Amino acid sequence: MTFKTLREDIDSVIARDPAARSRLEVVMCYPGFQAILLHRLAHSAWNRGWRLTGRWLSQLGRLFTGIEIHPGATIGRRVFIDHGMGVVIGETAIVGDDVTLYQGVTLGGTKLHKGKRHPTLERGVIVGSGAQILGPFTVGQEARIGANAVVLAEVPAGVTMTGIPAKPALTRDKSRAAEFQAYGTPTDGLPDPVARAIEALQAEVAQLRGRVVELESSQQPVDARSTLRITGT
Ligand SMILES: CC(C)(COP(=O)(O)OP(=O)(O)OC[C@H]1O[C@@H](n2cnc3c(N)ncnc32)[C@H](O)[C@@H]1OP(=O)(O)O)[C@@H](O)C(=O)NCCC(=O)NCCS
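What comes next concerns the included structure.

The next point concerns the sheet that holds strand 8 (residues 120-121). Taken together, four strands build an open sheet; the order of strands is 2-5-8-11 and the sheet is parallel. Looking at which strands have only one partner, the edges of the open sheet turn out to be strand 2 (74-75) and strand 11 (138-139). Direction of pairing for strand 5 (residues 94-95) relative to strand 8: parallel, over a ladder of two bridges. Bridge assignment links Ile94 to a residue of strand 8, and that residue is Thr120.

Below, the discussion takes up the sheet that holds strand 10 (residues 132-134). Strand-to-strand pairing in sheets goes through backbone hydrogen bonds, with the strands running parallel or antiparallel. The parallel open sheet is built from five strands, whose spatial order is 1-4-7-10-13. Every other strand in the sheet has two partners, leaving strand 1 (68-69) and strand 13 (150-151) as the edge strands with one partner each. Here three bridges tie strand 7 (residues 106-108) to strand 10, and the two strands are oriented parallel to one another. Considered in strand 10, the bridge of Thr106 is made with Gln132.

Take a nonpolar patch on the surface next. A surface patch of nonpolar side chains, about 300 Å² in accessible area, is lined by Leu24, Val27 and Met28. In this fold, Leu24 is placed in helix 2 (residues 23-29). In this structure Leu24 comes out as exposed when scored by relative accessible area, which is 56%.

Our focus in this paragraph is helix 1 (residues 3-16). Taking 1.5 Å of rise per residue, the 14 residues of helix 1 would be expected to cover 20 Å, and the 20 Å separating its terminal C-alpha atoms lies within 8% of that figure. All of the buried residues along helix 1 are Thr5, Glu8, Asp9, Ile10, Ser12, Val13 and Arg16. On its buried side, helix 1 packs onto helix 2, helix 3 (31-47), strand 3 (80-81) and strand 6 (100-101).

Applying the stated criterion across every chain, the model contains zero aromatic pairs. The ring of Trp50 has Arg48 lying over it, and the distance from NZ or CZ to the ring centre is 5.8 Å.

Under the criterion given, the structure shown has one cavity of 30 Å³ or more. As for the largest cavity, its lining consists of Ala35, Leu38, His39, Leu57, Ser58, Gly61, Arg62, Thr65, Ile67, Glu68 and Ile69. Mapped by element, the contributors of at least two residues to the lining of the largest cavity are helix 3, helix 4 (51-65) and strand 1. Broken down by element, the residue count for the lining of the largest cavity peaks at five residues, all from helix 4. Each residue belonging to the lining of the largest cavity can be placed in one class, and the counts come to five nonpolar, four polar and two charged.

It is characteristic of soluble globular proteins that their nonpolar side chains tend to be buried jointly. In terms of nonpolar packing, the biggest core is built from 31 residues, with Ile89, Leu101 and Ile145 touching the most fellow members. In contact with Ile89, other than residues within four places in its own chain, are Glu68, Ile69, His70, Ala73, Ile75, Ile81, Val95, Leu101 and Leu107. Counting residues in each nonpolar core, the second largest holds seven residues, with Val13, Ala20, Tyr30 and Phe33 among its members.

Conventions adopted
Residues numbered from 1 in each chain as written. Predicted model: local features only at pLDDT ≥ 70, side-chain atom pairs only at ≥ 80, totals over all residues. Heavy atoms only, no water. Pairing = 2+ DSSP bridges. Helix = DSSP H or I, 4+ residues; strand = E, 2+ residues; numbered from the N terminus. Patch = residues over 30% accessible without salt bridge, like charges linked within 9 Å, V, L, I, M, F, W, Y side chains within 5 Å. Areas by Shrake-Rupley, 256 points an atom, 1.4 Å probe, with all protein chains shown as cover. Salt bridge = Lys/Arg side-chain N within 4 Å of Asp/Glu carboxyl O. Buried < 20%, exposed > 50% of the residue type's maximum accessible area, 1.4 Å probe, protein only. Expected span 1.5 Å × (residues − 1). Contact = heavy atoms within 4.5 Å. Phe/Tyr/Trp six-rings, centres within 6.5 Å; stacked < 30°, edge-to-face > 60°. Lys NZ or Arg CZ within 6 Å of the ring centre and 35° of its normal. 1 Å grid on protein atoms, 1.4 Å probe; cavity = no way out; pocket = protein on both sides within 12 Å on 5 of 7 lines; lining within 4 Å. Points joined across faces, edges and corners; volume = space filled by probe spheres on them. Nonpolar A, V, L, I, M, F, W, Y, C, P; charged D, E, K, R; others polar. Core = buried A, V, L, I, M, F, W, Y, C linked by side-chain atoms within 4.5 Å.

Structure, rendered in structure tokens:
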């Protein structure tokens with residue numbers, strides 16, 4: 001752990017939380033930052049073979065922040081755990097650079113064997129509050145996991161997953177993927193709510209037009225069938 005890494009960790013909180021006003025505030029008041037700081041110490045002890053020290057530091061982090069990160073877990077740069085309480089990150093989890101996790105997230109396993117059993121989150125993934133990602137698969141770059149989703153299989157890059165078990169919710173616009181969106185909710189770039197309402201109305205009109213065309217084309221066979229029935233009796 002270097003001073004540069006710490007500074008990046010602090011700045012990533014300021015960049016992603018509009019409520020954060022200074023570096024001092026982040027150091028003193030952000031449990032996500034404090035948990036990652038303690039994790040970096042615990043991980044370094046773990047890798048030196050000081051396993052008990054690693055576990056103890058990890059438990060200290062849990063006691064103070066409510067965030068449990070196993071010292072064996074690999075946490076990338078500029079990872080931001082917002083609010084944090086109830087987050088659990090398992091021993092073989094890998095969390096890539098610029099990942100954001102909200103409170104109540106589990107990066108857990110479903111098997112008891114000793115090998116890789118926790119997920120790998122690639123760069124820029126956002127995981128909504130209460131989401132559970134369970135198993136040794138990969139969540140691709142910039143993917144979004146909706147609040148309270150339960151993810152049980154690999155997630156392709158850029159996809160938004162919701163529900164239990166999680167399924168793709170919508171096709172994300174790739175041009176928005178590089179940019180962080182607070183709470184994982186992409187904006188559509190429209191300037192105001194009126195523009196959004198107009199866009200929704202246009203979509204509805206297009207849908208209704210399609211329905212009218214569909215009904216018109218199905219009209220003929222229905223009439224033919226009723227004519228046959230009438231003539232048959
Ligand atoms: C999943 C998420 C990223 C999607 O945001 P979005 O791209 O703006 O998607 P929309 O709100 O347009 O919703 C798209 C569809 O997914 C559904 N959906 C959205 N979030 C969902 C969720 N968490 N669980 C189940 N369904 C969800 C919507 O109902 C909608 O379904 P529909 O097409 O049948 O109407 C966002 O809803 C989310 O859960 N973000 C995490 C926020 C969070 O944890 N905040 C904590 C702050 S403390």
